[in-house]
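# Residue-level structural notes
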Amino acid sequence: MSAPPRPYRRNALWIAAMVHRVSGIGLALFLPLHFLALGLSLQGAARLDSFLRWTDIPLIKLAEGGLVFLLGVHFLGGLRVLFVENFDWRVNQFRVATAAGGAAAMLAFAFLIQVL
Amino acid sequence: MTIERIETDILVLGSGGAGLFAALHAHDRDPSLTVTIATKGLLGKCGCTRMVQGGYNVALHNGDSIERHFMDTIEGGKWLPDQDLAWTLVSTAPERVRELENEVGCFFDRNADGSLHGKAFAGQTFDRTVHKGDLTGIEIINRLMEQVWKRRSIRKLEEHRAIAMIPDTSGKALSGILMIDIRTGKLRFVQARAVLMATGGGPTMYRYHTPSGDKSMDGLAMALRAGLPLRDMEMVQFHPTGLLAGPDTRMTGTVLEEGLRGAGGHLLDGAERRFMGDYDPKLERATRDVVSRSIYAEMKAGRTSPNGGVYIRMSHLGPDDVAKKFKGMVDRCRDCGFDLAGGLVEVVPTAHYFMGGLICLPDTSTDMPGLFVAGEDASGMHGANRLGGNGVANSTVFGGIAGDVMPAWIAANGGHRPPDEAAIAHEAERCTYPFGRKPGDVNRLRERLMDLMWDDVGVVRDAAGLARGLAGLDAIEAELMEIGVPDGDRAFNLTWHDWLNLRSLVETSRVIALAAARRTNSRGAHFRSDFPEPGDLETSTFTVVRQTGSDLTITDEPVQFTRVRPGESLLVQAVAAE
Amino acid sequence: MNVRLYIWQRGTAALMAPLVLIHLAVMFYATRQGLTAHDILGRTRGSIAWAMFYGTFVVAAAIHASIGIRNILVEWLPVRDRAAAFLSSGLGILLILLGARAVFAVVFA
Amino acid sequence: MPQADNASLTVSIWRGGQDGNFETYSVPNRQNQTVLDVVTHVQRHIDPTLSYRFACRVGMCGSCGMTVNGRPRWTCRTHVSKVAKDGKLQIAPLSNLPVIKDLAADMQPFFDKWQKAGGVFEPSKSRAEPVEPIRPNEPQRIAADAGIECINCGVCYAGCDTVRWNDDYLGPAALNRAWTLMNDLRDSAQKPRLAAVAANGGCHACHTHQSCQEYCPQSLNPTGSISLLKRLATKAYLKGELKP
Ligand SMILES: Cc1cc2nc3c(=O)[nH]c(=O)nc-3n(C[C@H](O)[C@H](O)[C@H](O)COP(=O)(O)OP(=O)(O)OC[C@H]3O[C@@H](n4cnc5c(N)ncnc54)[C@H](O)[C@@H]3O)c2cc1C
Ligand code: HEM
Ligand code: SF4
Ligand code: F3S
Ligand code: FES
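Residues numbered from 1 in each chain as written. Chains lettered and ligands numbered in written order. Predicted model: local features only at pLDDT ≥ 70, side-chain atom pairs only at ≥ 80, totals over all residues. Heavy atoms only, no water.

### Some remarks on the packing of aromatic side chains
Residue and element names in this part refer to chain B. As a reminder, the rule being used: Here a pair means two rings of Phe, Tyr or Trp (six-membered ring of Trp) with centres within 6.5 Å. Their orientation is stacked below 30 degrees between planes, edge-to-face above 60, and tilted elsewhere. Helix and strand assignments follow DSSP, with helices taken as H or I runs no shorter than four residues and strands as E runs no shorter than two, numbered in order from the N terminus.
Considering all chains together, one arrives at 23 aromatic pairs over all chains under this definition. Taking 6.3 Å as the distance between ring centres and 70 degrees as the angle between the ring planes, the aromatic pair formed by Trp 79 and Phe 561 counts as edge-to-face. Within this pair, whereas Trp 79 is found in the loop between helix H2 (66-76) and helix H3 (83-104), its partner Phe 561 is found in the loop between strand E18 (551-558) and helix H15 (570-577), the two being separated by 482 residues in sequence. Judged by centre distance (5.5 Å) and plane angle (65 degrees), the ring pair of Tyr 296 and Trp 454 falls under edge-to-face. Separated by 158 residues along the polypeptide, Tyr 296 in helix H7 (residues 288-300) and Trp 454 in helix H12 (residues 442-456) bring together distant segments of the chain.

And the structure:
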């Protein structure tokens, strides 16, 4: 293909799709770790506890907040796609996409306040 | 230069309504034949059929009749049409529209009861114009193009430009067509048992014109060189309202639809005075030719808008209503910076359709064995004026007929005819001629031609202007032959093709001027200020021009009133017979 | 992607939508109540309802994510259909195994 | 009147084939000027070897698609003032298609996929029969009308990243056409068409980027057509009428 750069990707709805994709990848990468962590209780509650204490470190808390954010945007972005595909909701997608992103950010923020 | 050779049974030139229909019908008639379609742009994406907005005239509606459509066509053509051709046109149109709907897949607009909608179009006594919104041509061509793709054995030569008809060794029949493969710049000779010329005329030699940029009268220029007779060549139809956006944009000349005037739009001179009252009591709703001449007169008198035209104003009808009713036009104007709904837009008459062309019989055959013609390249159906809506009917009706006729003709007339090799060599040299010259400004010369044709061979003509025009054409041609195109990459070399376009246009322009000088009366699209009367209808004649060597000869032939004479009407007879 | 994969992908997404909501709610509740192993296991141990809930979630997420990753592999990496199917099925199986282990751990172990 | 060229335009144009490069030209700035006019000016007055494609010059043929300042557009209907940034234009051929030369792209893959999507009417009647009465207010007719005015310009195809990433993807225009035909009561190839669009690379490969909808110069909504196709195919599959 020819080489010209493609700023057309700045299109808001395209960005929404990319955020959705990247958050999906993020979740898919996180999920095995999450399962492993829960699996720790097989080695006894103490083992899980020591892990959970480790997660008290602010940095890790922040990362968890990030995960909630990922789940939030992916969830809301996914709902958006499901709506576009299944209901006649195809106008004003830009606003819906922004609202989804905003709601997810608020959710993550609320979560952070909770845990910090 | 090596010239690649290809053989095909049937070769179709052009992918407008005529070309696509011919390929389709020829293939379906006899799928064992090889059909090749060559076109200057992409298949179906060039030419004017695609640009049809108004629609397709057909007598399919309750209360209408073939006879009525026929009479409208003959009267609109000022009694010059060949009546057998016109009859074939109107009587085949119903079947063609049913074919377009039922077999090709066009989805025309309907009435509330589900039947085909027919809209009013100027100059007709019945609302018979079938359409798809105001993008009828797109619907027709897109569907035709899909059908042609589907028939995979139809060979497509896209971006191939026909440059010459090559006779066989006897010199009497056609052997094939020499072409330039535009993408590579190489020459290709396509030998065919039958050829359909459907390159769609197109009067693009005028300063203001509507047809697509690929059309440059190549077909008629080729036919002229091959010695074929051309008729009605003075008949250039002007549309009264082309967009005027200045000299440096290709938008200039494109159509602003007739409906704007019909809906009550006003035409204003440079001082914003409404002027149509000076010319015709029907004001802006007068016929195309009257409005065109009135605007032209205002322009000659110097009462013009900044770019040298007049204004159209719609705003008094309520900008919002206008924006709703003429969305396509308003959008189009807005995209190039004009406010049609609320402001003033500059307009000029613009060359729209070419009634002249090759002489043919109702079965599309010509004087040259092996050559058939259909669409805007053919002549005689419209006489002095084409009804809006009869253009696309013409190309699809006769394109289909050509596709039906050619297989049978091939069966009766044997195999491929060997080409006159000297003619191939000569034509190859002719088309590469500019590469040997010092490069010059092809575009400046093109603009000179467009100005000359507009000023001297345009909407209103007279003997002095036509003589001046003819002399000017000689000068332009002489200069063209001195101008070269830089040699080097011949692939997709538009400047080379601009040069070739210009040559076709100069050659056909001369024939237009000659025929216009010959007709010393005013009929339909042809208006002579020195002979403003239409002349006696009973003794109507049409012009025929023929080239032998480098000489043009012109004659007048009497119109044969094979079905109805001036003063009579098939309608009266039909009514009387009931 | 074809219609079959699509249905599984979107179907599981729709299925997960309420599950995610509940999961998020529980998370908020949990972090408020204190996130110790004792608390977590106290809620889940022996609860068939939790087992069903998270079991469904795990299976749905595994299907959903593996089909999603499959598309991404095809589009973003020089991986053809067959290889992508292989890799993403691997991911799906991994998720189901780990997920089942996790559910087993918090409910029954 | 051609306006005094207050600051001329700086135009970089893609030259060559697939692996060409941009070259820069200076073009006078005029009041009434489309991007196609700019390209034409370069060919007529600066470099006669510049190649590009156009035909109708009024937005009907869909021949003049190019990438203008990074975005696919029909150039004959794009006024320079709408797209120029600080007097600069960058013009390239449509993306996602092979380059023939300079600004002319090869549209063959686009049309091949159009056919692959079953974007061709299959008749159920002949010319000998009357035209099918179909009321304009029937829902299927309305649905067919919504997408029918596609000019096959390829702008949506060039603007869709799923097309870029997934070689098999049929693309928005082809699927939009397929949806239109699924609503055509006269058509007799509904089954094979639905199978074609439900297969790999069909409508389900679309990720709803919606660039097609945003860029379509005819204001069509291929995203909408595609999601409706998805629904139709999904229903058919669930009923067991489709075997992918
Ligand atoms: C803006 C506009 C609006 C119109 N509106 C209406 C209307 O509402 N109703 C109506 O009835 N008529 C209308 N017409 C007229 C109508 O479009 C034409 O009369 C008719 O479509 C001509 O069809 P055709 O097949 O002969 O030529 P076209 O459709 O013009 O096709 C000509 C084909 O030949 C190709 N070609 C040209 N030169 C060569 C060459 N040297 N080698 C190979 N191929 C070549 C072209 O590229 C093109 O593919 C309109 C015309 C215009 C310009
Ligand atoms: C509430 C739950 C969820 C919903 C509603 C949802 C919805 C969706 C939808 C509709 C898509 C398709 C997007 C497209 O094709 O453009 C998708 C893709 C994807 N999802 Fe989810 N999802 C959810 C949860 C998850 C979870 C928990 C994971 C991870 C484990 C996940 C991982 C992915 C991945 C990797 C993709 C592929 C992204 C792409 O193709 O661009 N999703 N999701
Ligand atoms: S859908 Fe719109 S953008 Fe796509 S080809 Fe058709 S007209 Fe062009
Ligand atoms: S941009 Fe592409 S991904 Fe789908 S919605 Fe349009 S086809
Ligand atoms: S030239 Fe025809 S759409 Fe632009």
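Additional details are given in the paragraphs that follow.
### Here's the deal with the nonpolar core
As a reminder, the rule being used: Joining through side-chain atoms within 4.5 Å is the link that ties buried Ala, Val, Leu, Ile, Met, Phe, Trp, Tyr and Cys residues into a set, and such a set is a nonpolar core. We call a residue buried when its accessible area falls under 20% of the maximum for its residue type, exposed when it is over 50%, and partly exposed in between, using a 1.4 Å probe and counting protein chains only.
Of all hydrophobic cores here, the largest spans 262 residues; its most connected members are Tyr 56 and Tyr 206 of chain B together with Ile 91 of chain D. A per-element tally of this core places helix H14 (residues 494-518) of chain B first, with 12 residues. In terms of nonpolar packing, the next biggest core, distinct from the first, is built from 35 residues, Ala 28 and Val 68 of chain A together with Val 26 and Trp 50 of chain C among them.

### With respect to the site of ligand 3
Worth spelling out the cut-off: Nearness here has a simple test: a residue counts as near a molecule or strand if at least one of its heavy atoms is within 4 Å of that partner. Polar here means any residue other than Ala, Val, Leu, Ile, Met, Phe, Trp, Tyr, Cys and Pro, which are nonpolar, and Asp, Glu, Lys and Arg, which are charged; Gly is therefore polar.
With respect to spatial proximity, the complete set of residues near ligand 3 consists of Cys 150, Ile 151, Asn 152, Cys 153, Gly 154, Val 155, Cys 156, Ala 173, Cys 216, Pro 217, Gln 218 and Pro 222 of chain D. By residue class, the composition of the shell around ligand 3 is nine nonpolar, three polar and no charged.

### Looking at the sheet that holds E18 of chain B
Residues and elements named next belong to chain B. The condition that has to hold: Here, any two strands with at least 2 DSSP bridges between them count as paired. In this analysis, two residues are considered to be in contact whenever any of their non-hydrogen atoms come within 4.5 Å of each other. An axis is simply a line fitted to the C-alpha atoms; with a helix, the fit covers only the stretch in contact. Between two such axes, the angle follows the N-to-C directions and lies from 0 to 180 degrees.
Strand order in the open sheet formed by four strands is E15-E10-E17-E18, with antiparallel pairing between adjacent strands. Single-partner strands in this sheet number two, and they are strand E15 (357-358) and E18. With two bridges joining them, strand E10 (residues 230-231) and E15 adopt antiparallel strand pairing. Bridge pairing in E15 places Arg 231 opposite Gly 357. H14 contacts strand E17 (541-548) and E18 of the sheet and is inclined by roughly 45 degrees relative to E18.

### A few points about the domain arrangement of chain B
All names here are of chain B. To be explicit about the condition: Each domain's limits were defined by an automated method or a database of domain assignments. Summed over both partners, buried area is the accessible surface (1.4 Å probe) that two parts give up on being assembled. By definition, a salt bridge exists where a carboxyl oxygen of Asp or Glu is found within 4 Å of a side-chain nitrogen of Lys or Arg. Two N or O atoms count as a polar contact when they lie within 3.5 Å, although within protein this holds only if one can serve as hydrogen donor and the other as acceptor, and sequence-adjacent residues are included solely when both atoms are side-chain atoms.
As far as domains go, chain B holds domain 1 (240-350) and domain 2 (430-537). With both sides pooled, the region where domain 1 packs onto domain 2 buries about 680 Å², and carbon together with sulfur makes up 63% of that total. Ranking the residues of domain 1 by area buried against domain 2 places Arg 293, Tyr 296 and Pro 349 at the top, with a combined share of 70%. On inspection of domain 1 and its partner domain 2, the count reaches zero salt bridges. Remark: the boundary between domain 1 and domain 2 carries two residue pairs in polar contact (both at pLDDT 80 or more).

### A word on the interface of chain D and chain B
Contact residues are listed per partner, giving 71 residues for chain D and 72 residues for chain B. Summing both sides of the interface, chain D and chain B together bury roughly 6200 Å²; the carbon and sulfur share of this comes to 51%. By the criterion of area lost to chain B, the three top residues of chain D are Arg 57, Met 60 and Arg 127 of chain D, representing 15% of everything that side buries. Scanning the region where chain D abuts chain B turns up 10 salt bridges. Linking Lys 132 of chain B and Asp 145 of chain D is a salt bridge whose minimum nitrogen-to-oxygen distance equals 3.6 Å. There are 48 residue pairs in polar contact (both at pLDDT 80 or more) connecting chain D and chain B.

### Some remarks on the pairing of strand E2 (residues 35-38) of chain B
Note on strand geometry: in a regular strand, side chains alternate between the two faces of the sheet. Residue and element names in this part refer to chain B. Neither face of E2 is exposed, since Val 35 and Ile 37 on one face and Thr 36 and Ala 38 on the opposite face are all buried. Of the pairings in the sheet, the one linking strand E1 (residues 3-13) to E2 comprises four bridges and is parallel in character. Each residue of the ladder has a partner; that of Ile 10, found in E2, is Val 35. Two elements, E2 and strand E6 (residues 155-157), share three bridges in a ladder whose sense is parallel. Within E6, the position partnered with Thr 36 by the bridge is Arg 155.

### Focus: the coordination of the iron atom of ligand 2
Heads up, the condition is: Each metal's donors comprise the N, O and S atoms found within 2.8 Å of it (within 3.2 Å for Na, K or Ca). Water is not part of the atom list, so some coordination spheres may appear incomplete. Irregular is the default label, applied whenever a site is not tetrahedral (four donors, all angles between 85 and 135 degrees) and neither square planar nor octahedral (four or six donors, opposite donors over 155 degrees apart, all other angles between 65 and 115).
Within the protein, His 74 of chain A (NE2) and His 64 of chain C (NE2) serve as the donor atoms for the iron atom of ligand 2, at 1.9 Å. Coordination at the iron atom of ligand 2 is octahedral, judged from the six donor atoms that bind it and the angles of 85 to 179 degrees they form at the metal. You can see His 74 of chain A sitting in helix H3 (residues 58-86) and its partner His 64 of chain C sitting in helix H3 (residues 48-76), one on each of two chains. As far as the burial class goes, His 74 of chain A and His 64 of chain C line up, both buried.

### Some thoughts on the site of ligand 2
Of all residues adjacent to ligand 2, which total 23 residues, the nearest are Arg 21 and His 74 of chain A, Val 20 and His 64 of chain C together with His 207 of chain D. Those chains with residues close to ligand 2 are chains A, C and D. Between ligand 2 and His 20 of chain A there is a distance of 3.2 Å, counted from a nitrogen atom to a side-chain nitrogen or oxygen. Mapped by element, the contributors of at least two residues to the shell around ligand 2 are helix H1 (12-39) and H3 of chain A together with helix H1 (3-33) and H3 of chain C. Considering every element that reaches the shell around ligand 2, the biggest residue donor is H1 of chain A, with seven residues. Residues belonging to the shell around ligand 2 are distributed by class as follows: 13 nonpolar, eight polar and two charged.

### Overview of empty space enclosed by the protein
Residues and elements named next belong to chain B. For clarity, the cut-off: Site definitions follow a grid-based scheme: protein atoms alone, a 1 Å grid, a 1.4 Å probe that fits but cannot get out for cavities, and for pockets an open set with protein on both sides within 12 Å along at least five of seven lines, plus lining residues having an atom within 4 Å of a point. Grid points are joined across faces, edges and corners, and a volume is the space filled by probe spheres set on the points.
Counted according to the given criterion, the structure contains nine cavities of 30 Å³ or more. If you add up the space inside the largest cavity, you get close to 140 Å³. Lining of the largest cavity is provided by 14 residues; of these, Ile 163, Arg 225, Arg 430, Leu 500 and Ser 504 occupy positions nearest its centre. For the lining of the largest cavity, the secondary structure elements donating two or more residues are strand E7 (160-167), helix H5 (218-225), helix H11 (421-432) and H14. By residue class, the composition of the lining of the largest cavity is six nonpolar, one polar and seven charged.

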